[in-house]
2 protein chains.
Amino acid sequence: MRELLGGKGAGLHEMTRIGVPVPPGFTITTEVCTYCYAHRDRYPRGFEGDVRLALSRIENIVGRGFGDAENPLLVSIRSGARESMPGMMDTVLNLGLNDQTVQGLIRRSRNPRFAYDSYRRFVHMYSDVVLGLKAKDEKQHDPFEQILEEKKQSRGLRMDTDLTADDLKELVIAYKAEVKSKTGDSFPEDPYAQLWGAIGAVFRSWNNDRAIAYRQVYRIPNEWGTAVNVQAMVFGNLGEACATGVAFTRNPSNGERKFYGEFLINAQGEDVVAGIRTPRKIAELETVMPRPYAQLQKVSRSLEKHYKDMQDIEFTIEDNTLWMLQTRAGKRTGFAAVRIAVDMVEERIISKNEALLRIEADHLNQLLRPIFDSQGKQQASKEQRVLAKGLPAGPGAATGRIVFHAEDAVEWKRKGERVVLCRVETSPDDIRGMEAAQGILTARGGMTSHAALVARQMGKVCVAGCEALDIDYAGRTMRVSGTDLKEGDWLSVDGSTGEIIKGEVQTRPSEILQVLLEKTLEPSNSLLYQQYAKLMKWADNVRKLGVRTNTDQPDQAEAARAFGAEGIGLCRTEHMFFQGDRIQAVREMILAEDEAGRRKALAKLLPMQKQDFKALLEIMGDLPVTIRTLDPPLHEFLPSREEEIVELAHVMGVPVDLLRNKVKVLQEFNPMLGHRGCRLGISYPEITEMQARAIFEAACELRREGKRPFPEVMIPLVGSRQEFAAQRKIVRTVAAETMKAYGVKVRFLIGTMIELPRACLVADEIAEEAEFFSFGTNDLTQTCLGLSRDDAGKFLPTYVVDGLLAEDPFVSVDQDGVGALMRIAVRKGRKKRKNLEMGICGEHGGDPKSIRFCHQIGLNYVSCSPYRIAIARLAAAQATLLETID
Amino acid sequence: MRELLGGKGAGLHEMTRIGVPVPPGFTITTEVCTYCYAHRDRYPRGFEGDVRLALSRIENIVGRGFGDAENPLLVSIRSGARESMPGMMDTVLNLGLNDQTVQGLIRRSRNPRFAYDSYRRFVHMYSDVVLGLKAKDEKQHDPFEQILEEKKQSRGLRMDTDLTADDLKELVIAYKAEVKSKTGDSFPEDPYAQLWGAIGAVFRSWNNDRAIAYRQVYRIPNEWGTAVNVQAMVFGNLGEACATGVAFTRNPSNGERKFYGEFLINAQGEDVVAGIRTPRKIAELETVMPRPYAQLQKVSRSLEKHYKDMQDIEFTIEDNTLWMLQTRAGKRTGFAAVRIAVDMVEERIISKNEALLRIEADHLNQLLRPIFDSQGKQQASKEQRVLAKGLPAGPGAATGRIVFHAEDAVEWKRKGERVVLCRVETSPDDIRGMEAAQGILTARGGMTSHAALVARQMGKVCVAGCEALDIDYAGRTMRVSGTDLKEGDWLSVDGSTGEIIKGEVQTRPSEILQVLLEKTLEPSNSLLYQQYAKLMKWADNVRKLGVRTNTDQPDQAEAARAFGAEGIGLCRTEHMFFQGDRIQAVREMILAEDEAGRRKALAKLLPMQKQDFKALLEIMGDLPVTIRTLDPPLHEFLPSREEEIVELAHVMGVPVDLLRNKVKVLQEFNPMLGHRGCRLGISYPEITEMQARAIFEAACELRREGKRPFPEVMIPLVGSRQEFAAQRKIVRTVAAETMKAYGVKVRFLIGTMIELPRACLVADEIAEEAEFFSFGTNDLTQTCLGLSRDDAGKFLPTYVVDGLLAEDPFVSVDQDGVGALMRIAVRKGRKKRKNLEMGICGEHGGDPKSIRFCHQIGLNYVSCSPYRIAIARLAAAQATLLETID
C-alpha cells in the first residue's frame, strides 16, 4: 500500500501487521495531501476529528495523554512519499512539548537534562520545518545554531553534551525569543496547534521548489503527494538501558550474509547519523543488551524473509524494549548487489528472474574496475590531499606519475613507469598515450568528451573537465587549487568519485578481470567471479537483445569476447588511420591534387587496413563485424596550429603554403554538420573503394583458410536513399570483384548508420537498399536537439540542475525526441524490409535505461564498449523481464 | 493525350485534328517504350507490322516510297516525353537515304548539293544518335566535325555552305569509313534497318545515365517512357520558294500582342538555331511569301486560341506550302508572363484564375529589379568584358566602383559614389557597407550565404561564391581570371546571370519600384504597374495563406507594406545590436563578470531597442510584429583576430588578456549547435527581460497614443516545453509589469520558433504553452539533414548535379525530411491547441514550391523578405488553385 501510505508508512504498518514491535501511530494518507492541493489547502471533511480519534487510540495504547501535563504523550511527525525523496523529507520529533508538559516529562524520566534537551531539539526542529526559519543554504547561518554556539562559548564548553539542564532551559527561552522576533508570533504552546502546524508543513513541503525540481529530474508525478506518519515517541536516550541504532540485514558493502550496523547507548536516532559520538559495532550490542539484541536479530531475519530483500532498519531500545522505527530495502554496492542476489537464489528466497531485477545494471561496472586499496586511501587522508574534483568519467582508480604529452606517456611506460596523462583536453592524436597511461585527467570536456569516451571504451580511469587544473605544457607543470605539480610527480585519480589526490595511492585489479583477461586468478578461487558468471548465464537465458561491442583494436576485441560480446557493432576505421606511418599516407591522400594522387596514397593504406580488418575478423570468428567507412572530416587528420603546420610541411617535404592552404580550405564552421560521413565517400569514391577492398580481401583470405568471417559494411551519415545507393554500389562492386579474384564466397551485409533525423524520416526508402540499420544515437542526439556535444558542457549542466532536462541526453537516450525518431525509423524500416536487422552503436548502447528502450522498440542488438558488455547483458535481461511485468 | 503520345506527338496530332497542315506521320506511344523495358528490349507482338502499315499510309499520302530509289520517302525520327527533357531529345532527320535513294532525291530536287548535304547530315546524326559515336563531352573532339574541318581546310574554305556537292559526297564516304573503323560494321544501307535502329536508340536514350539523372532531379517517374514521332520530311531548303522558321504568337520578352519570330529562306530547321546564317525577322516573310505568311498568321492565331496560351511554333515552307512541325506553350520572361496573362483575361481567352496559374511566381522578381540597360550591355560586349561568373544570388544589375571594406563603402557613398563591395565573404559587421553598396560580390559562400541572404532581404544585387576572385585586402586589389583590379575601378555585376563585367554598364530602376517606393512614376503612366496591381488583387482574392515579411529595419518595413505585407513574421533583434554605439554596450554586457554588470550594460541597450521596436510597431499599425529574442552565439559580437582583439581592448579600456580569454571561452566547435537561441536567455534571463521590456514599453507608449500595436514575442531554438515555459514566464511577467506601469492593455502573443527536430516531435507539449509556432526552416534544414549551410557549399552542388538531391534544401523545403517534421509539428501542435497560429519565417517562406507545401500542411502564413512578397502572394494564390485542381 505504498501508494496510499508512502514508503515509510507502508513499512511501519507492514511491520505492525506481522507482529514486529513498532511504536503505536497512524498514517495520514497521500489522498489527504492530494485533496488539500485540489481544494486550496482545505482538509477533507471530518479529517480533524479522525486525527483526534487516532491520537486518542495511541493515548489509550501507551497510557499517556497528548498535552497531558502529568504524563505527556510526545509524537514524531514524519513525511513519507511513495518513493524516497532524500533531502526533502521533513521530520519533527518530540512534538507535544511545552512549558507544562516538559515538567511532566521531567517527573516521568526523573531526568531534567533529557527533558530540556528534548524540548530544545523540538523548538529548533519545529521552527526550522514548520515555521520556515531553516537556513536557506550552507552559507547562511542557522540562527538557532548561532544561539547554541554563543551559549557554548559563554559557558566555555566544546560539546553540546556538556550543556546542563539549566543551559538547555535557557536555550529554549532564547530560541522562542528568536521565533518571536523573526515571525512576530509566539512559539505555539498548544500541542494540537503544533500538530496541525507540522502536518500542514509536511504537505506544503511536497510543493516547494526543491521538491518540484527533484520530481522533474526523477520523473515522479506531482499527483502522488506525500503521506504523514504520526507516532508515539520512544526514547533511546532515557538512560543506560536505552539505545538507538541502524543496521543492515547483510553487509551492504560486500554482500556477506552477516548482520551489520551501528548503535549508541543512551542516544536519539539523529545522534548516530550526526556523528557527534562514535557509534559502536552492532555485534557489541549482544554483550550490552543480550535480550533486545536477540530480538533484533530475529526481527531482522523475519523482515528480510518477508520482504525477500536485504533490509536497512532503524531501531530504538527504550528500557530494554525494542522498537522498530523503519525498514526498507537497503542501498548496496555493486559487489553486494551481486552477492546478495545470487545468495538469495541459493537460499531459495528469490527466483533467478527476481535476482536479475535486484541488481542495478550500471553497478556491475564496479566489479570490473581497479580500486584504491581501502587501506591506501586512509593513508591518503593523512599525508596526501584531495586537491580537486572533476567529472567521474571513467570509473576506477589510477595512480601514476604526471606526464603532459601523449608521447611522454608512451616513453615513460616503455621505461616501466606508471603514468597519469594530464591534458587540457585529448584528441585522436593522443590515443596511444591514453592507452599507455594508468589514468587520464583533463581540464576541459564533459562526460562524453573525447577523453571520457575513449577512456570508457578502453576501460581506463578518467577524470574529465577538472576546471581547477591550470596546465603549462611548455613548462611541464600544472597548478591545481594552489598546489604546484610538475612532470614526474605522483598523482592519483579516482574515476568513480572524480577526486584528484596528490601522491601515490595503492590500487588492486578487479577479480573479474584477473579471471577473464589476465588469467592470473582461477575461477574456482574467486567467489565473486563465480557469482558474476552465474548471473550472466541467467541473464543470457532471458534476454532477447543481442550484445555487440564497439572497438577497432584486436586486444579490445579479445576482451569483448571474454565479456560475452556477440560481434562488433561498430569498428571506427579512422582510429586506425592515426597509427604509425598510416597518418603519413592519409595526409598524402588529403594533399593530393587529383584522384590519381589520392589513389596512390590510398594504395599505401590498403595493406595496413587489410591487416587491421583481418585481425578483427579472425578474433570474432563467425560473429558479425560491423565496419564503418571513413567518417570524420578530413581536417581532423591535419594539424591546425601554425607551428605544427610548418613542422609537418618540412617532414612531408611539401611547401608550407600548400599545407597551410589545405588546412584553411578544409576548415569548417560546423564540422559536425560538414563534409564528413558518406559525403566524403561520395566526393572521393576511391576512399570507399579502398576500404571495401581492404575489408573483402581480409575476409576472402580468412575464408580461404577455412574460416567464416562475417563483415557488415556500414555507411555513415546517410540522409537519403540516393546517398546510400551510391556508396552501396561501390562496395558491392568491390565485393564481387574481390570474391571472384579469390574464388571464394563470403557472407556479408551492407547497411547504414541512422544518425540523422532525415534518415529516420525516410527510413522506408533507405530500407529498400540497406540490409541493416545501426542507430548512431550520439549524432542523432546532436542533430535532433541541435546540441553540439563538445559545446554543450557550458550550459547543459545548468539545464539538468534547473530541471529543464530530465537527464543528460548524451548519457541516456532522449526518448521523447531522439526516441520518437528511432520509433519512426523502426516502423518505416520494417515496413519495407520485414527482417531488417537493427541495432544501436551510439554510446547509449551501454546505458541500461537506453537498452530497455531499445528492447521496447524492437531492436535486434545493442553495441557498447567492451567494459560495459556485462551491464548490457544484464540490462537486456531486465528489459525482457520488465516487459512481462508491465 | 500527352501521357500516350508525349508532348511533341500530342501537339502534332492536335494540330492535325484541328486542320492545321502537318507533314503526315505517326507516333509510337510511350506504352511501347515501357513494354520494351519490361520485356528485355523486345517489342510487343505485331509492333513491326504496325509500323510498316503506318509507314505505308504515309507513302500513300505523299506519293513516295520508303527506300524507293526513284522517288524516296524520307522521314524524321524524334523522341518526345510527356514533359520536355531538353538535352536528351534524340532526333534523326533525313532517314531513308542511302547510295540509291540519294540519286532519287537528286533527280526529284534537281539539286545534287542539297541531296548530298542531306545525306551528309543524316550519316552524321545517325552515327551520333544511333551508333553512339557522339563526343562524350565538350573537350572530346567529335570525329565527324574533325573530318568536316579537315575537308574545309584542305579546300581552303571557311563556311560549311561553301562546300560543293562533290565535297559533300566525299564527306559521306569519309563518314562511313569512320563508322566502319570505329564500330567494325558498315553504315546500314537498308532504310528499314535505319528505322529500327533509330526507334531503338530513342527508347534506349530514355535510360541513359544523363536521362536518369535528369529525371531524378525533376522528379519525372522512370515508368513514363518516351514516345517516338515518325514523320515525312518536308524541306525548307529546296529553293527560294522554301523557308524554315520559329515564331512566338506574342513577344516572349515583353508580352506584347505581336507575332514574333525569325526565318531563313532555303534552309533546314537546325540552321536557324545554329546561327550560321543570320535569320530574318518574321515580318519580312510577308513581303517574300505573302500567301504562306498569311496562312502562318492564321494558323498561329488559331493555335493560341485553341491552347489558350502563347505558342512557340516551328514551321517549314516547301514550295510555298506551309507545314507546321511543332507547337507548344512558349517560354517567357516575367514581364511577358504578366502582360500575356492579364491581356488574355481582358481578351476573354482565359479566366482570372487561369491567369494566376500562368505565371511562374518566381519570375515576378524580374519586375522589381534594376536591369542593365540593354544598350549598355551591348557596349559592354565590345569594350568591356565578362571576367568571370559566380552564383546569381541577388537578382538585378549593379554598377559601381570597387571597394573592399564595409567602412569604405559607407564613406564612398557619403561622397556620392556608387560602389560594388567586394569581399571574400560578408559578416554581420558588413551590414552598413552592404546597404551602402549598389552591389555585393563575394568569393566564398553559396546561394544562402550571409551575403546572399542579406542581399535578397535588402533587394540588393549580389553575386556570391565567385571563386575566380583573389582578393588582397591589404593591397586593396583583386585579381579576377588574370585581370588585375584595384579599389576605385569600375565594375558591373549582374545578379541575374552571375556575370562580373569590367567597367561601367548603365542600369535603370524597375517601374514597379518607381511607382511603389520611389513614387517617381504615376501608376497611370505605367502599364506594367497596372497589370501587376490587377494580378496581385486577383491573387489576394484567392489565397488563404497570409503573407508577412522578415525585417528589422523601418525602411524595409515601409517597403514591405507597399508590397502588401500583412505583418512582420521575423524581426531579428540582433541585427540592431550592431548599429552605432550599441555594439559597445553589447560587448560590455558580454565582458561583465556577473549579473549586475550585465544588467548595467543591458540598461544602456534598453532605450535603443525600445526605439527600434517602436518604429517597427508604428509602421505596421495593428498588424502583428513578430520579434525574436536574441539568437546568435555571443562570440559573434566579439572580434576573433588577434589584432582586432588588441585594438578593441584599447578602445574599451579593458585588459587585452580579459578580452582574449573571453573570446577563447566563447569559442565553439559547432556554433550552430552551441550556446545560442533560448539557451542564452536561460543562462542570462536578464537579456530576455531587457528585450521584453523594450518591446512592451514601446507597445505601451504607442497604445497610449491611441495606436493598436500587436507584438508577438518569439523565443528561438526551443527544444522542450520546459525551455519555452521558463522564457515565457519572464516575458509574461515583464509584460504585466509594464502594462500596469503604463496603465494600458496591449494585445500580444508569446510563441516560439520551431527549428529543431525535437521541437517538432514534442510540439504537442510545447503547444500547451506556446500561442504560436513559426517554422525556422533554415535551422530545421541544417539539423534535420545534419548539414551546415555555411559548409555545404563544398559538396552540395555535386549532390544536386549527381542527382543525389533533387534540389538545394536551403532553397526549397526538403519535403520528405524537413517537411515530414513540419507535418508532425502541425498535427501535434493543433491537437493540443486547435487554433494555434502557425507560420514559416525561414528563407523558404519566399520560395513558391515551399509556399505551396506550407499551404498544403495548413500553415496560416508565410513570411519572406520584402522583395519576395509579391511572389509569395501569387504563389499562395496558386497553392489554393492547385489544391482545387488536384
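Residues numbered from 1 in each chain as written. Chains lettered and ligands numbered in written order. Predicted model: local features only at pLDDT ≥ 70, side-chain atom pairs only at ≥ 80, totals over all residues. Heavy atoms only, no water.

Caption draft 1: The overall build of chain A, seen in detail. For chain A, the helix and strand inventory stands at 36 helices and 30 strands. Compactness check: chain A gives a C-alpha radius of gyration of 32 Å against a globular reference of 29 Å for 886 residues, within 12% of the reference. In terms of overall dimensions, chain A has C-alpha extents of about 105 × 60 × 55 Å along its principal axes. In chain A, buried positions account for 59% of the 886 residues. Here the contacts in chain A between residues at least 6 apart in sequence split such that 68% fall between residues at least 24 apart. (Helix = DSSP H or I, 4+ residues; strand = E, 2+ residues; numbered from the N terminus. Rg over C-alpha atoms; globule rule 2.2 N^0.38 Å. Buried < 20%, exposed > 50% of the residue type's maximum accessible area, 1.4 Å probe, protein only. Contact = heavy atoms within 4.5 Å.)

Caption draft 2: How the structure looks around the pattern of salt bridges. Summed over the entire model, instances satisfying the criterion amount to 122 salt bridges over all chains. Among the salt bridges present, the one from Glu644(A) reaches Arg641(A), with a minimum N-O distance of 3.9 Å. Of the residues examined, Glu644(A) reaches a relative accessible area of 32% and is grouped as partly exposed. We note a salt bridge from Glu14(B) to Arg17(B), for which the minimum N-O separation is 2.7 Å. Pair noted here: Glu14(B) and Arg17(B) are both in helix 1 (residues 2–17), with a separation of three residues, about one helical turn. Taking the relative accessible area as the measure of exposure, Arg17(B) reaches 61% and is therefore exposed. Each of Lys610(A), Lys614(A), Glu618(A), Glu697(A), Glu701(A), Glu705(A) and Lys707(A) takes part in salt bridges that share partners, so that together they form one network. (Salt bridge = Lys/Arg side-chain N within 4 Å of Asp/Glu carboxyl O.)

Caption draft 3: Summary view of the relation of the copies chain A and chain B. Least-squares fitting of chain A to chain B yields an RMSD of 0.2 Å, with the superposition described by an axial translation of 0.0 Å and a rotation of 179°. What we have between these two chains is a two-fold relation. Counting the interface residues of chain A, we find that 100% of their copies in chain B are interface residues as well, pointing to one common contact surface. (Least-squares fit on C-alpha atoms with pLDDT ≥ 70 in both.)

Caption draft 4: Representation of the packing of helix 25 (residues 642–652) of chain A against helix 26 (residues 656–666) of chain A in the model. Residue and element names in this part refer to chain A. At a minimum axis separation of 9 Å, helix 25 and helix 26 run at an interaxial angle of 130°. It follows that helix 25 is oblique to helix 26 by the angle criterion. Crossing handedness for the pair helix 25 and helix 26: right-handed. Here Glu642, Ile645, Val646, Leu648 and Ala649 of helix 25 lie close against helix 26, whose contacting residues are Val656, Leu659, Arg660 and Val663. (Axes fitted to C-alpha atoms, helices over the stretch in contact; angles between N-to-C directions. Parallel < 35°, antiparallel > 145°, perpendicular 65-115°, else oblique. Left-handed = near helix turned anticlockwise from the far one by under 90°.)

Caption draft 5: Structural view of unusual backbone geometry. Residues and elements named next belong to chain B. Backbone geometry places aspartate 319, a non-glycine residue, at a positive phi of 50°. By the element assignment, aspartate 319 lies in the loop between strand 8 (311–318) and strand 9 (321–329). For aspartate 319, a relative accessible area of 48% puts it in the partly exposed group. Positive phi values are uncommon outside glycine, yet arginine 476 reaches one of about 50°.

Caption draft 6: Examining the sheet that holds strand 7 (residues 280–281) of chain A more closely. Residue and element names in this part refer to chain A. Within the open sheet, the five strands sit side by side as 7-6-5-8-9. Their pairing is antiparallel. Whereas interior strands pair on both sides, the edge strands pair on one side only; in this sheet they are strand 7 and strand 9 (321–329). One ladder, built from six bridges, connects strand 5 (residues 243–248) with strand 6 (residues 260–265); its direction is antiparallel. What sits directly across from threonine 244, in strand 6, is leucine 264. Across the sheet, helix 12 (residues 290–307) is in contact with strand 8 (311–318) and strand 9; its angle to strand 9 comes to roughly 25°. (Pairing = 2+ DSSP bridges.)

Caption draft 7: Local environment of the packing of aromatic side chains. All names here are of chain B. Here the structure, examined in full by the defined rule, presents 34 aromatic pairs over all chains. Relative to phenylalanine 187, the ring of phenylalanine 122 lies with its centre 5.8 Å away and its plane at 90°, an arrangement referred to as edge-to-face. One end of the pair, phenylalanine 122, is in helix 5 (residues 112–129); the other, phenylalanine 187, is in the loop between helix 7 (165–183) and helix 8 (191–205), with 65 residues separating them in the sequence. With respect to burial, phenylalanine 122 and phenylalanine 187 carry one shared label: buried. When the centroid spacing of 5.8 Å and the interplanar angle of 45° are considered together, the rings of phenylalanine 577 and phenylalanine 637 count as tilted. Of the two residues, phenylalanine 577 sits in helix 22 (residues 573–577) while phenylalanine 637 sits in the loop between strand 25 (624–628) and helix 25 (642–652), which places them 60 residues apart along the sequence. The same class applies to phenylalanine 577 and to phenylalanine 637, which are both buried. (Phe/Tyr/Trp six-rings, centres within 6.5 Å; stacked < 30°, edge-to-face > 60°.)

Caption draft 8: The arrangement of the environment of Gly465(A) in detail. Residues and elements named next belong to chain A. Relative to the helices and strands, glycine 465 resides in the loop between strand 16 (461–464) and strand 17 (469–472). C-alpha of glycine 465 to C-alpha of glutamate 223: the two residues are 242 residues apart in sequence and 38 Å apart in space. For glycine 465, the residues in contact, after removing those within four places along its chain, are Gly390, Thr442, Ala443, Arg444 and Gly445.

Caption draft 9: Representation of helix 3 (residues 47–62) of chain B. All names here are of chain B. Taking 1.5 Å per residue as the helical rise, helix 3 with its 16 residues ought to reach 22 Å, and the 23 Å between its terminal C-alpha atoms agrees with that figure. Buried residues along helix 3 sit in contact with strand 1 (25–28), helix 2 (30–38), strand 2 (75–81), helix 8 and strand 4 (226–232). Positioned one or two residues after helix 3, glycine 63 has a phi angle of 70°, which is positive. (Expected span 1.5 Å × (residues − 1).)

Caption draft 10: Region of interest: the side chain of Asp791(A). Looking at the secondary structure, you find Asp791(A) in the loop between helix 32 (777–785) and helix 33 (796–801). A polar side-chain atom of Asp791(A) sits 2.8 Å from a polar atom in the side chain of Ser788(A). A polar side-chain atom of Asp791(A) sits 2.9 Å from the main-chain amide nitrogen of Asn670(B). What Asp791(A) contacts, discounting residues up to four positions off in sequence, is Glu668(B), Phe669(B), Asn670(B), Pro671(B) and Gly674(B). (Polar contact = N/O pair within 3.5 Å; in protein donor to acceptor, adjacent residues only side chain to side chain.)

Caption draft 11: Molecular detail of helix 19 (residues 511–518) of chain A. Residue and element names in this part refer to chain A. Listed in full, the buried residues belonging to helix 19 are Ile512, Leu513, Gln514, Val515 and Leu516. Backbone nitrogen of isoleucine 512 and a side-chain oxygen of the N-cap are separated by 3.1 Å at the start of helix 19; the cap is serine 510. Of the residues trailing helix 19, lysine 519 is marked for its positive phi of about 55°.

Caption draft 12: Layout of the interface of chain A and chain B. At the junction of the two partners, chain A supplies 47 residues and chain B supplies 48 residues. Of the roughly 4100 Å² buried at the junction of chain A and chain B (both faces included), carbon and sulfur atoms supply 57%. Among the residues chain A hides against chain B, the three largest losses belong to Phe669(A), Leu673(A) and Arg758(A). Together they make up 16% of the total. Summed over the shared surface of chain A and chain B, the number is two salt bridges. Here Arg758(B) makes a salt bridge to Asp814(A), at a shortest N to O gap of 2.7 Å. Our count for the chain A to chain B interface comes out at 20 residue pairs in polar contact (both at pLDDT 80 or more). Mapped onto the side of chain A that touches chain B, the elements with two or more residues apiece are helix 26, helix 27 (678–683), helix 29 (721–742), helix 30 (757–761), helix 32 and helix 34 (818–832) of chain A. Class assignment of the residues belonging to the side of chain A that touches chain B gives a composition of 22 nonpolar, 13 polar and 12 charged. (Buried area = accessible area lost by both parts, 1.4 Å probe. Nonpolar A, V, L, I, M, F, W, Y, C, P; charged D, E, K, R; others polar.)

Caption draft 13: View of the environment of Ile106(B). Residue and element names in this part refer to chain B. Examined against the element boundaries, isoleucine 106 turns out to sit in helix 4 (residues 101–109). Assessed through its relative accessible area of 15%, isoleucine 106 is described here as buried. In the structure, isoleucine 106 is positioned 99 residues away from serine 205 in sequence and 33 Å away in space, judged by C-alpha atoms. Here isoleucine 106 is in contact with Asn111, Pro112, Ala115 and Tyr116, once residues within four sequence places are set aside.

Caption draft 14: Expanded view of the sheet that holds strand 18 (residues 477–480) of chain B. Residues and elements named next belong to chain B. Here we have three strands laid out as an open sheet, ordered 17-18-19, and antiparallel in their pairing. Each of the sheet's edge strands pairs with one partner strand only, and the pair in question is strand 17 (469–472) and strand 19 (483–486). Each strand axis lies, on average, 20° off the axis of its neighbour in the sheet, ignoring direction.

Caption draft 15: How the structure looks around the state of the cysteines. All names here are of chain A. Applying the stated rule across the entire model yields zero disulfides over all chains. Looking at cysteine 462, it has no disulfide partner, and the nearest cysteine sulfur is the one in cysteine 422, 11 Å off. Among the cysteines around cysteine 784, which has no disulfide bond, cysteine 760 carries the closest sulfur, lying 8.3 Å off. (Disulfide = S-S within 2.5 Å.)

Caption draft 16: Layout of the confidence of the model for chain A. On average, chain A scores 89 in pLDDT, and the residues at 70 or more come to 94%. Model confidence for the complex: the whole-complex pTM is 0.81, and ipTM, which rates the interface, is 0.80. (pLDDT = per-residue confidence, 0-100.)

Caption draft 17: Geometry of a positive patch on the surface. On the surface, a cluster of positive charge is made up of Arg827(A), Lys831(A), Arg827(B) and Lys831(B). For the positive patch, the secondary-structure elements that each account for two or more residues are helix 34 of chain A together with helix 34 (818–832) of chain B. If you trace the backbone, Arg827(B) turns up in helix 34. Judged by its relative accessible area of 52%, Arg827(B) is exposed. (Patch = residues over 30% accessible without salt bridge, like charges linked within 9 Å, V, L, I, M, F, W, Y side chains within 5 Å. Areas by Shrake-Rupley, 256 points an atom, 1.4 Å probe, with all protein chains shown as cover. Lys, Arg positive; Asp, Glu negative; His and termini not counted. Charge placed at Lys NZ, Arg CZ, Asp CG, Glu CD.)

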